[in-house]
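# Observations on the model geometry
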Amino acid sequence: MKAEEIDILLVEDNPNDAELTLRALRKSNIGARLAIAKDGAEALEYLLGGRPKPKVVFLDLKLPKIDGIEVLRRVREDDRTRSIPVVVLTSSQEERDITECYKLGVNSYVVKPVEFDKFYKAVGDLGIYWLALNKSPL
Amino acid sequence: MMTTIEDVEILLVEDNPNDVELTIRALQKQNLANKVFVVKDGAEALDFIFATGAFATRKIENRPKVVLLDLKLPKIDGIEVLRRIKADDRTKHTPVVMLTSSQEERDVLDTYNLGVNSYIVKPVDFSNFVHAVSELGVYWGLLNKLPY
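Here is what the cut-offs are and how they apply
Residues numbered from 1 in each chain as written. Chains lettered and ligands numbered in written order. Predicted model: local features only at pLDDT ≥ 70, side-chain atom pairs only at ≥ 80, totals over all residues. Axes fitted to C-alpha atoms, helices over the stretch in contact; angles between N-to-C directions. Helix = DSSP H or I, 4+ residues; strand = E, 2+ residues; numbered from the N terminus. Parallel < 35°, antiparallel > 145°, perpendicular 65-115°, else oblique. Left-handed = near helix turned anticlockwise from the far one by under 90°. Contact = placed C-beta atoms within 7 Å. Nonpolar A, V, L, I, M, F, W, Y, C, P; charged D, E, K, R; others polar. Pairing = 2+ DSSP bridges. pLDDT = per-residue confidence, 0-100. Buried ≥ 20, exposed ≤ 12 C-beta atoms within 10 Å, placed from the backbone. Core = buried A, V, L, I, M, F, W, Y, C linked by C-beta atoms within 7 Å. Expected span 1.5 Å × (residues − 1). Right-handed = clockwise from strand over helix to strand, strands pointing away.

So, about the packing of helix 1 (residues 15-27) of chain A against helix 5 (residues 116-133) of chain A. Residue and element names in this part refer to chain A. At a minimum axis separation of 8 Å, helix 1 and helix 5 run at an interaxial angle of 55°. Taken together, the axes of helix 1 and helix 5 lie oblique to each other. As for how helix 1 packs across helix 5, the hand of that crossing is right-handed. Across the interface between the two elements, L20, T21, A24, L25 and K27 from helix 1 touch F119, Y120, V123, G124 and G127 from helix 5. A per-class count over the contact of helix 1 with helix 5 returns 6 nonpolar, 3 polar and 1 charged.

Now the structure itself:
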């Protein structure tokens, strides 16, 4: 990953989901500049390593090395990153995950639709909302 | 347009009647308008959310899916409403979206630091406003998943 400005940091270990997300974002025509982190450690390195901050982080929960909940916790604990909008994008519908994420201050929690078309649509909507509509604190 | 006080999904906190009218029209397009409740100042918003005063018969657990909160409000301003919602364990998980004409960096930063879920600058243009509100309604009404 290069130290250039990005709009979205996508934290996703599943290459199919990453590919599909990329395609959906491209389709939605918001011109999103995106970086991908493949595990929680990479995500934290990106966010806490002094690079320009993204406008939003799309964060999977089940991740290698450091899981998404822990990434969220550390991002919220650090003054340099606490105000970055974080959207959890996961297949988990577990009550415990949802509650824990809100407790830690997630901005939004979106369950990945299983069906291809719906997933595609949801990611496109997500991109439009967080980049075209939402004003990021950066 | 109004629904029973217990199944409000969108609480709109807005003192400008034109903006209220426009917001409701936009939500109607998405079939979300029948779950909207409007309060006109910060004090009324807090009474609704915390089930006090005129809303004392409400159940506090019946939380809306989202609160659309203006910043400049009579009686108690939007920042203070946000602070109280996010400071209370009973209400802190309720998504709050600032919907304001302020683009001031300080307002944006302050609200994020208080835990706002999203910050939307009201588009000045009529059709952009309607479009933004319908996106907003769909996002928080349908796409976002809540812990309750």
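Moving on, we come to the interface of chain B and chain A. If you look at the interface, chain B gives 18 residues, while chain A gives 18 residues. Of the residues assigned to the side of chain B that touches chain A, the class counts are 10 nonpolar, 6 polar and 2 charged.

Moving on, we come to the sheet that holds strand 3 (residues 56-59) of chain A. Residues and elements named next belong to chain A. Here 5 strands make up an open sheet; going across it, the order is 2-1-3-4-5 and the pairing parallel. Unpaired on one side and paired on the other, strand 2 (34-37) and strand 5 (108-111) mark the two borders of the sheet. The mean inter-strand angle of the sheet, taken between neighbouring strand axes irrespective of direction, is 20°. Sheet analysis places strand 4 (residues 86-90) next to strand 5, joined by 4 bridges and oriented parallel. Bridging across to strand 5, V88 finds its partner in Y109.

The next subject is the sheet that holds strand 2 (residues 36-39) of chain B. Residues and elements named next belong to chain B. One open sheet holds the 5 strands; their spatial order is 2-1-3-4-5, and the pairing between them is parallel. Edge strands, defined here as strands with exactly one partner in the open sheet, are strand 2 and strand 5 (118-121). On average, each strand axis in the sheet is tilted by 20° relative to the strand beside it, whichever way the strands run.

Taken over all residues, the pLDDT of chain B has a mean of 94, while the share at 70 or more is 98%. Among the prediction metrics, the complex's ipTM stands at 0.92, with pTM recorded as 0.94.

Below, the discussion takes up helix 2 (residues 42-49) of chain B. All names here are of chain B. Counting buried positions along helix 2 gives 6 out of 8 residues, so the element sits mostly inside the fold. Restricting attention to buried positions, one finds in helix 2 the residues G42, E44, A45, L46, F48 and I49. Buried residues along helix 2 sit against strand 1 (10-13), strand 2 and helix 3 (78-87). After helix 2 finishes, the residue A51 shows a positive phi value of roughly 50°.

Okay, the nonpolar core next. One recurring pattern in soluble globular proteins: nonpolar side chains tend to sit buried together. L9(A), V11(A), L59(A), V13(B) and L69(B) are the most contacted members of the largest nonpolar core, which has 76 residues in total. A per-element tally of this core places helix 5 of chain A first, with 6 residues. With residues up to four places along the chain from it excluded, the contact list for L9(A) reads A35(A), A37(A), A43(A), Y46(A), L47(A), P54(A) and V57(A).

Before going further, it helps to examine helix 1 of chain A. With 13 residues, helix 1 of chain A should cover 18 Å at 1.5 Å per step; its first-to-last C-alpha distance of 18 Å lies within 8% of that length. Count one or two residues on from helix 1 of chain A and you reach N29(A), which has phi positive near 60°.

All names here are of chain A. As judged from the 4 bridges shared by strand 1 (residues 8-11) and strand 2, these two strands associate in the parallel manner. Residue pairing across strands places L10 opposite I36, the latter belonging to strand 2. Once the chain exits strand 1 it traverses helix 1 before rejoining the sheet at strand 2, and the crossover so formed is right-handed.

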